[in-house]
Amino acid sequence: MSTQVAKARNLFTALESELNTEHIERRPVIRSLLVGLISRQHAVLLGPPGTGKSRLVRDVCSRVGGNYFEWLLTRMSTPEELFGPVSLKALENDSYRRITTGKLPEAEIGYLDECFKGSSAILNTLLGVLNERVFHNDGQPTPIPLQMAVGASNELPEDREELGALWDRFLLRHVVDYIRDQADFTRMLTLSARPAAQTQLTLGDLAQAQQEALQVDLSAILPTVVALRSEVQKIGVMVSDRRWHDAMTVVRANAWLNGNTAADENDLDILQHVLWSEPEQRATVAKTVLMMVSPFDQEAQDILDDAVELYHAAINAPEESQTQAGLEANKALKSAAKRLHTIVEKAEDAGKPCRRAEQGLQDVAMWGQEVLTKCLRAG
Ligand SMILES: Nc1ncnc2c1ncn2[C@@H]1O[C@H](COP(=O)(O)OP(=O)(O)OP(=O)(O)O)[C@@H](O)[C@H]1O
Ligand SMILES: [Mg+2]
């Protein structure tokens, strides 16, 4: 890697870790937003009000130089709002040209809040802008500098007939929910409204990252992608060839962020946020992807899912049953730690990664400590 590239990657790594301290339980979303910037793909966040979607997107966007355009769409929104007013001067000459200054056609990053609320008058132009990165101004196709658009919405578009095409433009898809963990939640309570921004990227840094990511070698993982396609078909999820093709750009960006010049199987984990289209497919798609790319992590995840449930049950148990729930959780967490240890050993023997199991061991230890002090009053 050249020094310039190392600089771009160091900046992205620093930015990612800052974002992860400022936005709680948003690690996968943050990764996808950075991957979206590097691969020039669009992302969408679905989630109930007050899950910190806007705060996160604004923070990510404010770290990158260039023009930023944000708009809250309503059913009444007009094309002027997104694409600029029609020039009166041009009208005098029978030309229907929009003044795009400060609007989406001149933005490097666009944030469309309530993106599925836009009227059909907006939709067609928007599709062209997102897909071709071309804005037709008075019939004149004009290339636009858009690097990434992020959409946010409280719910999936109901009218898939009309909005399906827009939904399809978002390669990276996330559903965000309220903070799960109590300690995380407590930390959120005192976070400042405006995240402290330290690391800033220029458009030059971004271009460098994009260029370098394009060079990432995919050859080693292509057979796994082919096998993954069969597995995804088996669970009845349809993914278009275009989507599979575009998915490789996010795999490259993910690999680059992971510090790889050739992608390995771990870099495919990002596909769990690409291959689903109905929310109910999310869990099975994630499982299928993880089984394929890191079976040990998937095994660890299953153990952790059970463990976290018992941990939550214990610390949220009513006073009178807290000791009983604490004892049960304590036993389960000990057994989970033992099984995670075995997975780490198995993975090491097989020369496979198992980040989830390693990280999970720390989580389980932390939960165990909390159960001991809160439920069993151990000092
Ligand atoms: N995961 C989180 N990390 C940090 N802060 C959070 C998180 N979730 C919610 N918040 C807090 O909630 C506030 C409101 O979040 P924000 O307005 O970004 O939500 P939203 O998801 O965009 O809501 P809406 O759908 O109504 O637009 C944030 O400013 C922040 O203080
Ligand atoms: Mg919002």
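Quick caveat, the model's predicted, so the values are computed rather than measured.

A. The domain arrangement of the chain, seen in detail. Domain assignment breaks the chain into domain 1 (3-80 + 106-203), domain 2 (215-293) and domain 3 (295-374). Placing the centre of domain 1 and that of domain 2 at their C-alpha centroids yields a distance of 21 Å. Tallying the contact residues gives 25 residues for domain 1 and 20 residues for domain 2. Between domain 1 and domain 2, roughly 2,000 Å² of surface is buried when both sides are summed, and carbon and sulfur atoms account for 59% of that area. For the domain 1 face of the interface with domain 2, the top three residues by lost area are Arg 9, Leu 171 and Arg 173, together amounting to 30%. Counting the contacts that link domain 1 with domain 2 gives 2 salt bridges. We note a salt bridge from Asp 168 to Arg 242, for which the minimum N-O separation is 2.3 Å. Counting only elements with at least two residues in the side of domain 1 that touches domain 2, the list comes to helix 1 (3-22), helix 2 (27-39), helix 7 (160-169) and strand 7 (170-175).

B. Here's a closer look at the packing of helix 10 (residues 222-234) against helix 12 (residues 282-293). Two elements in contact, helix 10 and helix 12, have axes whose closest approach is 10 Å; the angle formed by their N-to-C orientations is 145°. Two packed elements cross with a definite hand, and for helix 10 against helix 12 that hand is right-handed. Of helix 12, the residues touching helix 10 (which contributes Thr 224, Ala 227, Leu 228, Glu 231 and Val 232) are Thr 288, Val 289 and Met 292. Taken together, the residues of the contact of helix 10 with helix 12 break down into 5 nonpolar, 2 polar and 1 charged.

C. Representation of the side chain of Arg 31. Tracing the sequence through the fold places Arg 31 in helix 2. A distance of 2.7 Å separates the side chain of Arg 31 from the side chain of Asn 254, its partner in a polar contact. When residues no more than four places from it in sequence are discounted, the contact partners of Arg 31 are Glu 16, Asn 254, Leu 257, Asn 258 and Ile 270.

D. The arrangement of the packing of aromatic side chains in detail. This model, assessed by the stated rule, comprises 7 aromatic pairs. Taking 5.8 Å as the distance between ring centres and 5° as the angle between the ring planes, the aromatic pair formed by Phe 69 and Trp 71 counts as stacked. For Trp 71, a relative accessible area of 27% gives the class partly exposed. Here the aromatic cluster, defined as three or more aromatic residues joined through ring pairs, consists of Phe 116, Trp 167, Phe 170 and Trp 276. Its guanidinium or amino end placed over the ring of Trp 167, Arg 173 lies 4.2 Å from that ring's centre, counting from NZ or CZ.

Criteria and thresholds
Residues numbered from 1 in each chain as written. Chains lettered and ligands numbered in written order. Predicted model: local features only at pLDDT ≥ 70, side-chain atom pairs only at ≥ 80, totals over all residues. Heavy atoms only, no water. Domains from an automatic or database assignment. Contact = heavy atoms within 4.5 Å. Buried area = accessible area lost by both parts, 1.4 Å probe. Salt bridge = Lys/Arg side-chain N within 4 Å of Asp/Glu carboxyl O. Helix = DSSP H or I, 4+ residues; strand = E, 2+ residues; numbered from the N terminus. Axes fitted to C-alpha atoms, helices over the stretch in contact; angles between N-to-C directions. Left-handed = near helix turned anticlockwise from the far one by under 90°. Nonpolar A, V, L, I, M, F, W, Y, C, P; charged D, E, K, R; others polar. Polar contact = N/O pair within 3.5 Å; in protein donor to acceptor, adjacent residues only side chain to side chain. Phe/Tyr/Trp six-rings, centres within 6.5 Å; stacked < 30°, edge-to-face > 60°. Buried < 20%, exposed > 50% of the residue type's maximum accessible area, 1.4 Å probe, protein only. Lys NZ or Arg CZ within 6 Å of the ring centre and 35° of its normal.

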